[in-house]
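Each chain, written out:
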Amino acid sequence: MGIRLPGIVHTKQIVRQIFSTPATTNVPKGHCAVYVGKSEMKRHVIPLSYLNHPSFQDLLSKAEEAFGFDHPTGGLTILCREEAFTNLTRSLNCSRGKKRN
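Residues numbered from 1 in each chain as written. Predicted model: local features only at pLDDT ≥ 70, side-chain atom pairs only at ≥ 80, totals over all residues. Heavy atoms only, no water.

**Quick word on the confidence of the model for the chain**
In low-pLDDT regions, the fine details of the predicted coordinates are not to be read closely.
Logical step 1: Of the residues in the chain, 62% reach a pLDDT of 70 or more, and the chain-wide mean stands at 76.
Logical step 2: Of all secondary-structure elements in the chain, the lowest mean pLDDT belongs to helix H1 (residues 6–19), at 58, while strand S2 (residues 42–47) reaches the highest, 92.
Logical step 3: Within the model, pLDDT remains below 50 along residues 1–5, and this stretch shows one contact once partners closer than five positions in the same chain are excluded. (pLDDT = per-residue confidence, 0-100. Helix = DSSP H or I, 4+ residues; strand = E, 2+ residues; numbered from the N terminus. Contact = heavy atoms within 4.5 Å.)

Put into structure tokens, the structure is as follows:
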């Protein structure tokens, strides 16, 4: 009898999509490129650990609703204001720093 963890399965699908595209060039190990914005897409490189955070999972779910797993940029596309994305990643970065100390 197995236990299904939808968040983990969902994250695995997204990671496979990210690494199957040419958008992964010039991305450090343990990171991935994402494209953020509503009209003008800006590329950001984020740690893979962000993909498991509940707030980031919300953004990923919205991206999946909009694009499925076929993103127009070839990389992971997140439709939100860049300022909101930057605030989220800044918050996640601060919480990562606290865990290391």
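**Observations regarding the sheet that holds S2**
Logical step 1: One open sheet accounts for three strands, arranged S2-S1-S3; its pairing is mixed. One side of each edge strand has no neighbouring strand; the edge strands of this open sheet are S2 and strand S3 (76–78). Strand-to-strand twist in this sheet, taken as the mean axis angle between neighbours without regard to direction, amounts to 40°.
Logical step 2: Examined bridge by bridge, strand S1 (residues 31–36) and S3 share three bridges and lie parallel to one another. For Val-36, the partnering residue across the bridge sits in S3 and is Ile-78. (Pairing = 2+ DSSP bridges. Axes fitted to C-alpha atoms, helices over the stretch in contact; angles between N-to-C directions.)

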